[in-house]
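# Geometric and topological summary
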Amino acid sequence: NMEIVFPRLFFAGNRLLGERVENVSRTLGDLRGIFADVDAFSRMPQNILAYEVSSFLPEQEGTPGGLYFGITYLHPGKVGNEYFMTKGHFHANIDRAEFYWGLEGEGMLILMDQLRRVWAERVFPGSLHYIPGGVAHRMANTGNTLFSFAACWPSDAGHNYREIADHGFAARLLEVDGKPQLIGV
Ligand code: S6P
Ligand code: ZN
């Protein structure tokens, strides 16, 4: 008789539950330096929650051929006229790709290749986004409600936050006349 087992992983409310699950939260204070309006940033409470990531990491970091899965919950808000957004990163193994897909709320996926060319895709429940290797990625919440999305990426991708921390993206997603606009810097 072959074994039938309970799944290793499941959703409990807004969190993944199971072994090898990692939950990370980022406050506004953790995002110092990524927003254009430094004065507006300094006037805001630094301890408010900007986003949380619940990830299932079934393989050891760096394992070739494995996959990771994560859900990010990005809260609504703006620093000046710039939407709350994730730090953003290239993968440490720069050629590693990733899928993102929208779950709830509305947002924008901001992408930048190694020539610093920037473009963006609208994200909504059911939208699917393929991020090729060599492309930095960041999400922004453009709505007034919680924005959540899922991601699947290789377990040997790693994260290079340095490049974006030092040089940022070549464009910013700002609210202009009530609508998101990608503005070159
Ligand atoms: C990992 C994947 C996501 C992000 C998450 C938070 O490769 O792209 O799980 O880690 O959305 O963004 P960031 O830029 O702070 O890692
Ligand atoms: Zn990534």
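Let me sum up the structure you'll find in this document. What you see is a predicted model; the values in this text were computed from it and never measured.

### Points about the site of ligand 1
Neighbouring ligand 1 are 15 residues, the closest being Tyr-51, Thr-72, Glu-98, Tyr-100 and Tyr-161. Glu-98 places a side-chain nitrogen or oxygen 2.8 Å from an oxygen atom of ligand 1. Between an oxygen atom of ligand 1 and a side-chain N or O atom of His-159, the distance comes to 3.0 Å. When ligand 1 sits alone it has 400 Å² of accessible area, and the protein chains cover 96% of it. Those elements giving two or more residues to the shell around ligand 1 turn out to be β4 (49–56), β8 (98–104) and β13 (147–154). When the residues that make up the shell around ligand 1 are grouped by side-chain class, the tally is six nonpolar, seven polar and two charged.

### A short note on the pattern of salt bridges
Two side chains with opposite charge may pair up if their charged atoms get near one another. Across all of its chains, the model carries seven salt bridges by this definition. Between Asp-113 and Arg-117 there is a salt bridge; the shortest N-O distance is 2.7 Å. Take Asp-113: its relative accessible area is 12%, and that puts it in the buried class. By sharing partners, the salt bridges in this structure join Asp-95, Arg-96 and Asp-156 into a single network.

### Re the coordination of the zinc ion (ligand 2)
Those donors, His-89 (NE2), His-91 (NE2), Glu-98 (OE) and His-137 (NE2), are the protein atoms that reach the zinc ion (ligand 2), and they lie 2.1 to 2.3 Å from it. The site at the zinc ion (ligand 2) holds six donor atoms, and with the angles between them running 67 to 169 degrees, its shape is octahedral. Along the chain, the residues that donate to the zinc ion (ligand 2) are spaced as H-x1-H-x6-E-x38-H. Placement of Glu-98 in strand β8 and of His-137 in strand β12 (residues 136–141) is noted, with a sequence separation of 39 residues between them. Both residues of the pair, Glu-98 and His-137, belong to the buried class.

### Comments concerning the packing of aromatic side chains
Using the criterion set out here, one finds eight aromatic pairs in the structure. Taken together, a centroid distance of 4.9 Å and an interplanar angle of 55 degrees make the contact between Tyr-100 and Phe-149 tilted. Here Tyr-100 is found in strand β8, whereas its partner Phe-149 is found in strand β13, with 49 residues between them in sequence. Considered together, Tyr-100 and Phe-149 belong to a single accessibility category, that of buried residues. Here Lys-87 stacks its cationic end above the ring of Tyr-161, 5.5 Å away from the centre of that ring.

Cut-offs applied
Residues numbered from 1 in each chain as written. Chains lettered and ligands numbered in written order. Predicted model: local features only at pLDDT ≥ 70, side-chain atom pairs only at ≥ 80, totals over all residues. Heavy atoms only, no water. Near = heavy atom within 4 Å. Polar contact = N/O pair within 3.5 Å; in protein donor to acceptor, adjacent residues only side chain to side chain. Areas by Shrake-Rupley, 256 points an atom, 1.4 Å probe, with all protein chains shown as cover. Helix = DSSP H or I, 4+ residues; strand = E, 2+ residues; numbered from the N terminus. Nonpolar A, V, L, I, M, F, W, Y, C, P; charged D, E, K, R; others polar. Salt bridge = Lys/Arg side-chain N within 4 Å of Asp/Glu carboxyl O. Buried < 20%, exposed > 50% of the residue type's maximum accessible area, 1.4 Å probe, protein only. Donors = N, O, S within 2.8 Å, 3.2 Å for Na, K, Ca; no water. Tetrahedral: all angles 85-135°; square planar, octahedral: opposite > 155°, others 65-115°. Phe/Tyr/Trp six-rings, centres within 6.5 Å; stacked < 30°, edge-to-face > 60°. Lys NZ or Arg CZ within 6 Å of the ring centre and 35° of its normal.

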